[in-house]
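Here is what each chain is made of, one letter per residue.
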Amino acid sequence: ERIQVEREGHEEIEDKRPRPERGPIFAIVDTSGSMHGLPEQVAKALVLETLRTAHAEKRRCFLYAYSGPGQVMEHELDLSTEGMGRLLQFLDQSFGGGNDEAGMMAKVLARLKEEHWKKADVVFVSDGEWPAPAELVAAVRGAREDGTRFHGVQIGNRGRTGLHAVCDPVHVFNDWATAGG
């Protein structure tokens, strides 16, 4: 749809596209050893902001925290009094081990096949210090073709990382002074 707009004596044509359908949100936080300390605290603060957005937009939200093989915690957002307590307990936990992004993403990709989780926004918060196997990149590409959006937040500026291979866009958080680092 094109709309003609007049501004300060100039006529412009704006391209107005309908807002994409907003599905649920998946928030993934890396709690591996390389994220220990302030990077993990920043990551969890960013996830809390994601949860606030999900609540404000009345979108379902599912959280994951992960580290090495078999180390995955899952939590569906519930903003009741009891749910808030469970959320705080969830965010207080950490693994501190290795990395298993392929295993983590396999769980997300499986859930995305369920009808009420389709067309989700996936927010992946990590330092990105991991390789992205070709199979993972291909699986994410398939989910993207089905309407899922993958957003990355890279904690620290390490250049192009595994996070860049699976997320677009990737926002880099490296302003440690504002976070007290």
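Look above for the structure.
Every value quoted in this text rests on a predicted model; they were computed, and no experiment measured them. (Residues numbered from 1 in each chain as written. Predicted model: local features only at pLDDT ≥ 70, side-chain atom pairs only at ≥ 80, totals over all residues. Heavy atoms only, no water.)

Novice: What is the right way to read the packing of helix α3 (residues 101–112) against helix α4 (residues 134–145) from this model?
Specialist: How two helices sit against one another is set out by the angle between their axes and by the gap between those axes. The interhelical angle for the contact between α3 and α4, taken along N-to-C directions, is 20°, at an axis separation of 11 Å. Relative to α4, the element α3 lies roughly parallel. By crossing handedness, the relation of α3 to α4 is classed as left-handed. Between α3 and α4, the residues in contact are Glu101, Ala102, Met105, Leu109 and Leu112 and Leu136, Ala139, Val140 and Ala143, respectively. Split by residue class, the contact of α3 with α4 holds 8 nonpolar, no polar and 1 charged. (Axes fitted to C-alpha atoms, helices over the stretch in contact; angles between N-to-C directions. Helix = DSSP H or I, 4+ residues; strand = E, 2+ residues; numbered from the N terminus. Parallel < 35°, antiparallel > 145°, perpendicular 65-115°, else oblique. Left-handed = near helix turned anticlockwise from the far one by under 90°. Contact = heavy atoms within 4.5 Å. Nonpolar A, V, L, I, M, F, W, Y, C, P; charged D, E, K, R; others polar.)

Novice: Would you mind showing me how to read unusual backbone geometry here?
Specialist: The bulk of non-glycine residues show a negative phi, and the bulk of peptide bonds are trans. In this structure, the amide linkage connecting aspartate 168 to the following residue, proline 169, adopts the cis form with an omega of 15°. Here proline 169 is to be found in the loop between α5 (162–166) and β8 (170–173). In this structure, lysine 58 takes a positive phi of about 55° despite not being glycine. Position of lysine 58 among the secondary structure elements: in the loop between α1 (38–56) and β4 (61–66). Here lysine 119, not a glycine, exhibits a phi torsion of approximately 55°, which is positive. Assignment of secondary structure puts lysine 119 in the loop between α3 and β6 (121–126).

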